[in-house]
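# Descriptive structure summary
The residues making up each chain are set out below.
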Amino acid sequence: MKWDVLCLGEALLEFNQIQDGAKKTFSTGFGGDTSNTAISVARQGMFAGFLSKVGKDQFGRELLELWKRESVDYSNVSVHPEAPTGIYFVTHDTDGHHFNYYRSGSAACQMTPLDLPKDDFVQTRILHLSAITQAISESSCKTSFAAIHQARKHGVKVSYDTNLRLKLWSLECARDVINRTVPLCEVLLPSLDDVTSLTGLRDPDAITEYYLELGAKLVVLKQGSLGVLVSNGKEKLHIPGHTVQAIDATGAGDTFNGAFLSEWLRKDDPFAAAEYANAAAALSTTNYGAVDSIPNRDEVKAFLGF
């Protein structure tokens, strides 16, 4: 199987709060950072695969139908006979968006290295995963490292998002695992809030230097409305954010990841890829939901004027 990007992690059903006058309701959708990234890759016209487990329940069936609709290959998603599919709720207030997860013991938490495809990494161009993939369970963390080593053995590039969820593990544990993962990656896709906590640093330039010295080959630091800072150790570029009427930032970083990886594969230029992904992420904040908000390639090109 030939994938441009193979994503490893957990997918969940999403309940996103919507304000309708004085009334608050929840709209159902889908989430899970690496699943969102896979869909973002597919919407940019590249071939994405997803590797995970879902429950033998309605939510799991809906996720399988989602990937089918989105042309994401899910041949390496297995159905667990007992463990449920995870869910989460998104609420919104003046401080932004907030997440409440119900994923303990989920099907994806049951992933083991035995679930990895034996030969498919040979034809994969990029393996993408995140710290959430490592945080949801000990066996998922072992699966992540096994996948990384298998990918590197076959010359597959590794992409990694430091996505930090302190409800899943302690800061100390997160820092240890993330710092052991970073040197194994060709591209690191952190968000400023996450790595400020992880490193104790606040200056974006200092943060990118920290991770380059740790062993990352390319650091693409996402800074929300402030844009993105890209550095490969030789060249550095700050790309300003776009002014849009943002209503929901859920999944914006995942949209960025998929758009960046897709454009990077197309042009072999991380700076052009970051400019493209920066626009895609901005567009995604103008709609609700982690998946419904992901723009396709034509929409991003129109936004950028080409």
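Note that the structure is a prediction, hence the values are computed from the model and not measured.

Let us now look at the pairing of strand E9 (residues 157-161). Burial of E9 is extensive: four of the five residues sit out of reach of the surface. Judged from the five bridges that link them, strand E8 (residues 124-130) and E9 form a sheet pairing that is parallel. Paired with Leu127 across the two strands is Val158, which belongs to E9.

The next subject is the side chain of Lys53. Tracing the backbone shows Lys53 in strand E4 (residues 48-55). Reaching out from Lys53, the side chain makes a polar contact with the side chain of Asp115 at a distance of 3.4 Å. Beyond its immediate stretch of four places on either side in the chain, Lys53 contacts Val77, Ser78, Ala107, Ala108, Gln110, Met111 and Asp115.

What follows deals with the packing of aromatic side chains. In the structure shown here, the tally under the stated rule is 12 aromatic pairs. A centroid spacing of 5.2 Å and a plane angle of 25° characterise the contact between Tyr88 and Tyr101, whose relative ring orientation is stacked. Within this pair, whereas Tyr88 is found in strand E6 (residues 87-93), its partner Tyr101 is found in strand E7 (residues 96-102), the two being separated by 13 residues in sequence. Overall, the relative accessible area of 2% leaves Tyr88 in the buried class. Judged by its relative accessible area of 24%, Tyr101 is partly exposed. Seen from their ring centres, Tyr210 and Tyr211 are 5.0 Å apart, and the 90° between their planes marks the pair as edge-to-face. The exposure class of Tyr211 is buried, given its relative accessible area of 0%. Members of the aromatic cluster, each reached through a chain of ring pairs, are Phe15, Phe26, Phe59, Phe89 and Tyr102. Its end group placed over the ring of Tyr101, Arg103 keeps NZ or CZ at 4.3 Å from the ring centre. Positioned over the ring face of Phe99 is Arg165, at 5.3 Å from the centre of the ring.

Definitions and cut-offs
Residues numbered from 1 in each chain as written. Predicted model: local features only at pLDDT ≥ 70, side-chain atom pairs only at ≥ 80, totals over all residues. Heavy atoms only, no water. Buried < 20%, exposed > 50% of the residue type's maximum accessible area, 1.4 Å probe, protein only. Helix = DSSP H or I, 4+ residues; strand = E, 2+ residues; numbered from the N terminus. Pairing = 2+ DSSP bridges. Polar contact = N/O pair within 3.5 Å; in protein donor to acceptor, adjacent residues only side chain to side chain. Contact = heavy atoms within 4.5 Å. Phe/Tyr/Trp six-rings, centres within 6.5 Å; stacked < 30°, edge-to-face > 60°. Lys NZ or Arg CZ within 6 Å of the ring centre and 35° of its normal.

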